[in-house]
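Each chain, written out:
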Amino acid sequence: MVLRKGVFVSKALTFLFTILLSHSAFSVPECRYGESGLPTILYVLVPSSNGLAVHDTAVLLGPRVFITTGHLLDRLQARGYLVYGGKRYHFSAYRNPKYDYATMNDSTYDITVGILDEALPNAESWAVGSPALLKNEPTHVAGCVHGNLREQEGLATTKTGGTIIVFTPHNEVLLGPGDGGGPLWLWDSEGKRRVIGMM
């Protein structure tokens, strides 16, 4: 019986993934909004042009700066808010102008930057990395999937155009800069988590 090349590679990566996790010293704490265990993960809301509230997950990159998905905004700029520590914080959000909201078929520019009016107290920002840290070979990564913020671990690599591919034990997940807004991270050589994209 001859296996197709893609099937063989997928099975090999799954096997490697199982070995890696069984011997890994890294632990993935539960992903929760605004709680300890991970740098700060936010839940942001923006009123759409028709008045309905649109929400998504966001990743804090600085005291007043976060990133979330581009499709959160149906216009280039908007005001929104989040609740942190029982208090409401307002922000201005700016969508990448290259993102085509009408078709939503290109995740390359699916990103929005949010600027908070004031810093979140005692909030830990994420260290920023780059998909280049994957070095074109499978690397152990983890992330928080949008919705219930469950963890997803896998081996990640990149392909032409910089798209991040995460291989999990059960399926292959294709990831771009956006999608659900939850952080995708890896551990650098010093064991520090660095966010390299959004799940």
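As the structure is a prediction and not an experimental result, all values here were calculated from the model. (Residues numbered from 1 in each chain as written. Predicted model: local features only at pLDDT ≥ 70, side-chain atom pairs only at ≥ 80, totals over all residues. Heavy atoms only, no water.)

1. Quick notes on the overall build of the chain
- Check the secondary structure of the chain and you find 1 helix and 13 strands.
- Walking the chain from its N terminus toward its C terminus, one meets helices and strands in the order α-β-β-β-β-β-β-β-β-β-β-β-β-β.
- Across the 199 residues in the chain, those meeting the buried criterion constitute 39%.
- Pairs at least 24 apart in sequence give 55% of the contacts found in the chain among residues at least 6 apart. (Helix = DSSP H or I, 4+ residues; strand = E, 2+ residues; numbered from the N terminus. Buried < 20%, exposed > 50% of the residue type's maximum accessible area, 1.4 Å probe, protein only. Contact = heavy atoms within 4.5 Å.)

2. Here's the deal with the sheet that holds strand β6 (residues 112–116)
- Pairing is antiparallel in the closed barrel, where 6 strands are placed in the order β1-β2-β3-β6-β5-β4. Here the average twist between neighbouring strands, direction ignored, is 40 degrees.
- Pairing of strand β1 (residues 41–47) with strand β4 (residues 77–84) involves 2 bridges; the strand directions are antiparallel. Note on β4: the bridge partner recorded for Val44 is Leu82. (Pairing = 2+ DSSP bridges. Axes fitted to C-alpha atoms, helices over the stretch in contact; angles between N-to-C directions.)

3. A short note on the side chain of Arg95
- With respect to the helices and strands, the residue Arg95 is situated in strand β5 (residues 87–95).
- It turns out Arg95 is buried and unbridged, and the closest side chain with the opposite charge, Asp74, is 6.2 Å from it.
- For Arg95, the side chain forms a polar contact with the main-chain oxygen of Leu73, separated by 3.0 Å.
- Ignoring anything within four residues of it in the chain, the contact list for Arg95 reads Gly70, Leu73, Asp74, Arg75, Leu76, Tyr101, Ile111 and Thr112. (Lys, Arg positive; Asp, Glu negative; His and termini not counted. Salt bridge = Lys/Arg side-chain N within 4 Å of Asp/Glu carboxyl O. Polar contact = N/O pair within 3.5 Å; in protein donor to acceptor, adjacent residues only side chain to side chain.)

4. Points about the packing of aromatic side chains
- This model, assessed by the stated rule, comprises 3 aromatic pairs.
- Ring centres of Phe66 and Phe91 lie 4.9 Å apart, and the angle between their planes is 85 degrees; on these two criteria the pair is classed as edge-to-face. Taken together, the positions of Phe66 in strand β3 (residues 65–68) and Phe91 in strand β5 put the pair 25 residues apart, joining distant regions of the chain.
- Taking relative accessible area as the criterion, Phe66 reaches 0% and is therefore assigned buried. (Phe/Tyr/Trp six-rings, centres within 6.5 Å; stacked < 30°, edge-to-face > 60°.)

5. Looking at the nonpolar core
- Residues Leu42, Val44, Phe66, Leu82, Phe91, Leu116 and Leu120 are the most contacted members of the largest nonpolar core, which totals 16 residues.
- Of all the secondary-structure elements, those providing two or more residues to this core are β1, β2 (53–60), β4 and β5.
- Formed by 12 residues, the second largest nonpolar core is a distinct cluster that contains Leu38, Ile41, Ile67 and Ala142. (Core = buried A, V, L, I, M, F, W, Y, C linked by side-chain atoms within 4.5 Å.)

6. A short note on unusual backbone geometry
- Although it is not a glycine, Asn122 sits at a positive phi angle of roughly 60 degrees.
- Mapped onto the elements of the fold, Asn122 is located in the loop between β6 and β7 (127–128).
- The exposure class assigned to Asn122 is exposed, which follows from its relative accessible area of 81%.

7. Here we look at the environment of Leu73
- Among the secondary structure elements, Leu73 is positioned in the loop between β3 and β4.
- A relative accessible area of 0% means that Leu73 is categorised as buried.
- Sequence separation of Leu73 and His55 is 18 residues, and the distance between their C-alpha atoms is 9.6 Å.
- Once residues within four sequence positions are removed from consideration, Leu73 is found in contact with Val46, Ala78, Ala93, Tyr94, Arg95, Tyr101 and Thr112.

8. Comments concerning the pairing of strand β13 (residues 193–198)
- Direction of pairing for β7 relative to β13: parallel, over a ladder of 2 bridges. Note that in β13 the partner of Val128 across the bridge is Val195.
- By the bridge criterion, 5 bridges tie strand β12 (residues 183–187) to β13 in an arrangement that is antiparallel. Its bridge partner being in β13, Leu184 is matched across the sheet by Gly197.

9. Let's talk about the environment of Thr57
- The residue Thr57 is located in strand β2 in this model.
- In this structure the C-alpha to C-alpha distance between Thr57 and Tyr43, which are 14 residues apart in sequence, comes to 4.8 Å.

10. What about the pattern of salt bridges?
- Tallied over the full model, the rule gives 4 salt bridges.
- For the salt bridge of Asp74 with Arg75, the shortest nitrogen-to-oxygen distance reads 2.7 Å.
- Classification of Asp74 as partly exposed rests on a relative accessible area of 24%.
- The exposure class of Arg75 is partly exposed, given its relative accessible area of 29%.
- Across the pair Asp117 and Arg79 runs a salt bridge whose closest N-O atoms are separated by 2.7 Å. Highlighted residues: Asp117 in the loop between β6 and β7 and Arg79 in strand β4, separated in sequence by 38 residues.
- Looking at Asp117, the relative accessible area reads 45%, which means it is partly exposed.

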